[in-house]
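Summary of the model geometry
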Amino acid sequence: AGIVGFMVGKPMLMGPIEDAKKKLIVTDRLYETAQDKDWQVDLAQQSIENGRNISLPPKATDAQRLYQSWITNLGEQCKFAQLNVTPGKTETRKGKYVSVTVAVEAETSMEGLSRFLYMFEQADLLHRISSLEIKSTGSQGSPRMEVTLSAEGMSIAGSPSKGDVFARTHLPQTLDADATEVVVGESADFPEKF
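Note that the structure is predicted; figures quoted are calculated from it, not measured.

1. A look at the sheet that holds strand E4 (residues 145-156)
In spatial order, the strands read E1-E2-E4-E3; together these 4 strands make up an open sheet with antiparallel pairing. Because the sheet does not close on itself, it has two edges, and the strands there are strand E1 (81-93) and strand E3 (127-136). When the angles between neighbouring strand axes are averaged without regard to direction, this sheet yields 10°. Pairing geometry for strand E2 (residues 97-108) and E4, over 12 bridges, is antiparallel. Paired with Thr108 across the strands is Met145, a residue of E4. This element, helix H3 (residues 110-122), spans E2, E3 and E4 of the sheet and lies at about 175° to E3.

2. Remarks on unusual backbone geometry
One non-glycine residue, Lys79, lies in the positive phi region at around 60°. Tracing the backbone shows Lys79 in the loop between helix H2 (60-77) and E1. One non-glycine residue, Gln82, adopts positive backbone phi at about 50°. Take Gln82: it is sitting in strand E1. By relative accessible area, which is 65% here, Gln82 ends up exposed.

3. Brief notes about the pattern of salt bridges
Scanning the model with the defined rule gives 5 salt bridges in all. In this structure, the salt-bridge partner of Arg144 is Glu107, at a minimum N-O distance of 3.5 Å. One end of the pair, Arg144, is in the loop between E3 and E4; the other, Glu107, is in strand E2, with 37 residues separating them in the sequence. Across the salt bridge formed by Glu152 and Arg128, the nearest N and O atoms sit 2.8 Å from each other. Linking Glu152 in strand E4 with Arg128 in strand E3, this pair joins segments that are 24 residues apart in sequence. Accessibility expressed as a relative area gives 16% for Glu152, which makes it buried.

4. Some remarks on H3
Taking 1.5 Å per residue, 13 residues should reach 18 Å; H3 reaches 18 Å between its end C-alpha atoms and fits that length. Within H3 the residues assigned to the buried category are Gly112, Leu113, Phe116 and Phe120. What you see down the axis of H3 is that its buried residues fit within an arc of 95°, all on one side. Of the exposed residues in H3, the ones pointing more than 90 degrees away from its buried face are Met110, Glu111, Tyr118, Glu121 and Gln122.

5. A closer look at the packing of aromatic side chains
A complete count under the given rule lists 4 aromatic pairs for this structure. Residues Trp70 and Phe120 carry aromatic rings whose centres are separated by 6.2 Å and whose planes lie at 45° to one another, so their mutual orientation is tilted. Placement of Trp70 in helix H2 and of Phe120 in helix H3 is noted, with a sequence separation of 50 residues between them. Neither Trp70 nor Phe120 differs from the other in exposure class; each is buried.

6. Examining the nonpolar core
Membership of the largest hydrophobic core comes to 23 residues, with the highest contact counts inside it found for Tyr67, Trp70, Ile71, Phe116, Phe120 and Ala151. When residues of this core are traced back to their parent elements, those giving at least two are H2, E2, H3 and E4.

Cut-offs used in this document
Residues numbered from 1 in each chain as written. Predicted model: local features only at pLDDT ≥ 70, side-chain atom pairs only at ≥ 80, totals over all residues. Heavy atoms only, no water. Pairing = 2+ DSSP bridges. Helix = DSSP H or I, 4+ residues; strand = E, 2+ residues; numbered from the N terminus. Axes fitted to C-alpha atoms, helices over the stretch in contact; angles between N-to-C directions. Contact = heavy atoms within 4.5 Å. Buried < 20%, exposed > 50% of the residue type's maximum accessible area, 1.4 Å probe, protein only. Salt bridge = Lys/Arg side-chain N within 4 Å of Asp/Glu carboxyl O. Expected span 1.5 Å × (residues − 1). Arc of directions from axis to C-beta. Phe/Tyr/Trp six-rings, centres within 6.5 Å; stacked < 30°, edge-to-face > 60°. Core = buried A, V, L, I, M, F, W, Y, C linked by side-chain atoms within 4.5 Å.

Honestly, it's all geometry; don't read function into it.
If you want it as structure tokens, here you go:
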């Protein structure tokens, strides 16, 4: 009678325990989902902060002027001839970002264009080349090319104000050819770690 009573009563006794186990499984899954969402939010916040560190100044006019100047200097370093850099459209999404565009027209060699694209891509800056057109003036030797491109730079809301696209300083003394260290006049705007 005791065994039969236990068999009949077992589902009633074990029911609450089974329900508690099911609730524990559901709660564990909800906790894991919440942890995943927290991780995704942290990752997104870090991405936004990194974007602020490599973006243009927050004011559209400053961003346009500084970006145009930087692109001009880059083109000159890469020996672009007949270089013409003009401001393009500016797009502002209040509270989110500012986007500025510059148009570049120049004549250069394959080496100059390759150097420009490499240095453009290596710059730790929130920007891209949105269009690129190349017309070759010949097919023998190292022909000159007519290059037309649009470069677009961006500033994320909350970015720090800057006086230039990248930090600048001066050398207080002449640098020797065999020097292994560079002493700069002021390093306040430079990152502490590379």
